[in-house]
Amino acid sequence: MVSSEQRRRQLAREKYERQMERRVEARRKAKRRNAVVSAAVAAVVVIAGAGAWAGGMFDKSASKNAAPQAAPTPTAAPTPVKGCTAPAPGKPNGKQWKAEPAMSVDSGAKYTATLDTSCGKVTLELDAAKAPHTVNSFVFLAGEQYFDHTKCHRLTTSGIYVLQCGDPTGTGSGGPGYQFADENLTGATYPAGTVAMANAGPGTNGSQFFLVYKDTQLPPNYTPFGKITGGLDVLNNIAGGGENDANGPGDGAPNANVVLNSVTATKS
């Protein structure tokens, strides 16, 4: 027999899935409109150098259970939140690559990472044995200072309990210019302390990842590649500050101005 709490969680998940589907469809329509506008402009203006490529844009339709995705960057002044201070000066470097980096991690070694955020430090243990390509990409991007000065653009506090980071554009649709396959999905679960990749469907991993601060029920569609070893209190403080509800109650940009001042990853 389904309990009232189980039913509540099921309804929250279904609502979340509907929100994801609407957002992906809106993004797809906007992309088609932009393509038409670009074609019209190109008919009368010749741009030298072939123009800029919007690397890392998720252009595939999301599955029914799309991963934690975009939330608009808040325009209002950040709400004071316990433990949070002004971000370090600087901006994302916005680097782009055409292909997934060559494998350089040792799947038998231990890798750790430190997220030095404007709300406190969060430390991670990365699982190179079960998710070698994911850890390889994360370590590579950290070494390129790709994550430095990027905002954590999305917080969910109802049904799904995650903080999503890793997009230098802060829109939820940015990435490093390459995508790679899913890993470690068999039997995947997302208890508090999980670190996993956000995506827009199978095989669309890029740079966005999410940190689970409270046990969360999600289908096994998002590559778990590590666990939080310190800083759950930081995440709970951020969650306690709430979000702007831009995507519906309990889902939007965090009220705290959460910025990754720096991200480092080391082999030990």
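Description of the structure in this document. These numbers come from a predicted model, not from an experiment.

**Topic: unusual backbone geometry**
Thinking step 1. For glutamine 145, which is not glycine, the phi torsion reads 55° and is therefore positive.
Thinking step 2. Considering the arrangement of structural elements, one finds glutamine 145 in the loop between helix 2 (132–143) and strand 3 (150–151).
Thinking step 3. Notably, aspartate 245 is not glycine yet its phi reads approximately 60°, a positive angle.
Thinking step 4. Along the chain, the position of aspartate 245 falls in the loop between helix 3 (232–240) and strand 9 (251–252).
Thinking step 5. Looking at aspartate 245, the relative accessible area reads 38%, which means it is partly exposed.

**Quick word on the sheet that holds strand 1 (residues 111–117)**
The pairing of strands in a sheet happens through backbone hydrogen bonds and is either parallel or antiparallel.
Thinking step 1. Across the sheet, ten strands lie side by side as 3-10-1-2-8-6-7-5-4-9; this open sheet has antiparallel pairing. Here the strands that pair on one side only, and so sit at the sheet edges, are strand 3 and strand 9.
Thinking step 2. In this structure, strand 4 (residues 154–156) lies alongside strand 5 (residues 162–165), joined through two bridges in antiparallel fashion. Bridging from a neighbouring strand, arginine 154 pairs with glutamine 164 of strand 5.
Thinking step 3. Against the sheet, helix 2 makes contact with strand 1, strand 2 (120–126), strand 6 (194–197), strand 7 (209–212), strand 8 (224–230) and strand 10 (259–267), and its axis sits at roughly 120° relative to strand 10, the strand it touches most.
Thinking step 4. Along the sheet, helix 3 makes contact with strand 1, strand 2, strand 4, strand 5, strand 7 and strand 8, crossing strand 2 at roughly 125°.

**Some details on the nonpolar core**
Nonpolar side chains in soluble globular proteins tend to be buried together.
Thinking step 1. In this structure, Leu115, Leu124, Leu126, Phe138, Phe147, Phe209 and Phe225 are the most contacted members of the largest nonpolar core, which totals 42 residues.
Thinking step 2. When residues in this core are grouped by element, the largest group, five residues, is from helix 2.
Thinking step 3. For phenylalanine 147, the contacting residues outside a window of four places in its chain are Phe138, Leu141, Ala142, Gly166, Ser207, Phe209, Leu260 and Val263.

**Side note on helix 2**
Thinking step 1. Across its twelve residues, helix 2 extends 16 Å between first and last C-alpha, which sits within 8% of the 16 Å expected from 1.5 Å per residue.
Thinking step 2. Counting buried positions over the twelve residues of helix 2 gives nine, a clear majority of the element.
Thinking step 3. Those residues of helix 2 that fall on the buried side of the exposure criterion are Pro132, Thr134, Val135, Asn136, Ser137, Phe138, Val139, Leu141 and Ala142.
Thinking step 4. The elements touched by buried residues of helix 2 are strand 1, strand 2, strand 6, strand 7, strand 8 and strand 10.
Thinking step 5. Glutamine 145, located one to two residues past helix 2, shows a positive phi value of around 55°.

**What to know about the state of the cysteines**
Thinking step 1. Tallying each qualifying case throughout the model produces two disulfides.
Thinking step 2. With its sulfur 2.1 Å from that of its partner, cysteine 152 forms a disulfide with cysteine 165. On the S-S bond that ties cysteine 152 to cysteine 165, the torsion sits near 100°, and the link is right-handed. In this pair, cysteine 152 sits in the loop between strand 3 and strand 4 while cysteine 165 sits in strand 5, placing the two residues 13 residues apart along the sequence. Of the two residues examined, cysteine 152 and cysteine 165, each falls in the buried class.
Thinking step 3. Of note for the protein: the bonded cysteines, numbered N- to C-terminal, pair according to 1-2, 3-4.

**Focus on the environment of glycine 206**
Thinking step 1. As for its position among the elements, glycine 206 is in the loop between strand 6 and strand 7.
Thinking step 2. Classification of glycine 206 as buried rests on a relative accessible area of 5%.
Thinking step 3. Placed 26 residues apart in sequence, glycine 206 and phenylalanine 180 show a C-alpha to C-alpha distance of 6.7 Å.
Thinking step 4. Ignoring sequence-local partners within four residues, the contact set of glycine 206 consists of Ser137, Leu141, Pro176, Tyr178, Phe180 and Met197.

**Notes on the pairing of strand 5**
Thinking step 1. Going residue by residue along strand 5, you find Val162 and Gln164 tucked away on one face and Leu163 and Cys165 tucked away on the opposite face as well.
Thinking step 2. In sequence, strand 4 turns back onto strand 5 through a hairpin of five residues, with glycine 159 there showing a positive phi of about 80°.

**Things to note about the packing of aromatic side chains**
Thinking step 1. One pass over the full model with this rule turns up twelve aromatic pairs.
Thinking step 2. Taking the centre distance of 5.7 Å and the plane angle of 85° together, the rings of phenylalanine 147 and phenylalanine 209 count as edge-to-face. Of this pair, phenylalanine 147 sits in the loop between helix 2 and strand 3 while phenylalanine 209 sits in strand 7, and the two are 62 residues apart along the sequence. Pair check on accessibility: phenylalanine 147 and phenylalanine 209 agree, each one buried.

**Quick notes on the environment of methionine 197**
Thinking step 1. Residue position: methionine 197 is located in strand 6.
Thinking step 2. Between the alpha carbons of methionine 197 and glycine 226 there is a distance of 9.9 Å; along the sequence they are 29 residues apart.

Conventions we followed
- Residues numbered from 1 in each chain as written.
- Predicted model: local features only at pLDDT ≥ 70, side-chain atom pairs only at ≥ 80, totals over all residues.
- Heavy atoms only, no water.
- Helix = DSSP H or I, 4+ residues; strand = E, 2+ residues; numbered from the N terminus.
- Buried < 20%, exposed > 50% of the residue type's maximum accessible area, 1.4 Å probe, protein only.
- Pairing = 2+ DSSP bridges.
- Contact = heavy atoms within 4.5 Å.
- Axes fitted to C-alpha atoms, helices over the stretch in contact; angles between N-to-C directions.
- Core = buried A, V, L, I, M, F, W, Y, C linked by side-chain atoms within 4.5 Å.
- Expected span 1.5 Å × (residues − 1).
- Disulfide = S-S within 2.5 Å.
- Phe/Tyr/Trp six-rings, centres within 6.5 Å; stacked < 30°, edge-to-face > 60°.

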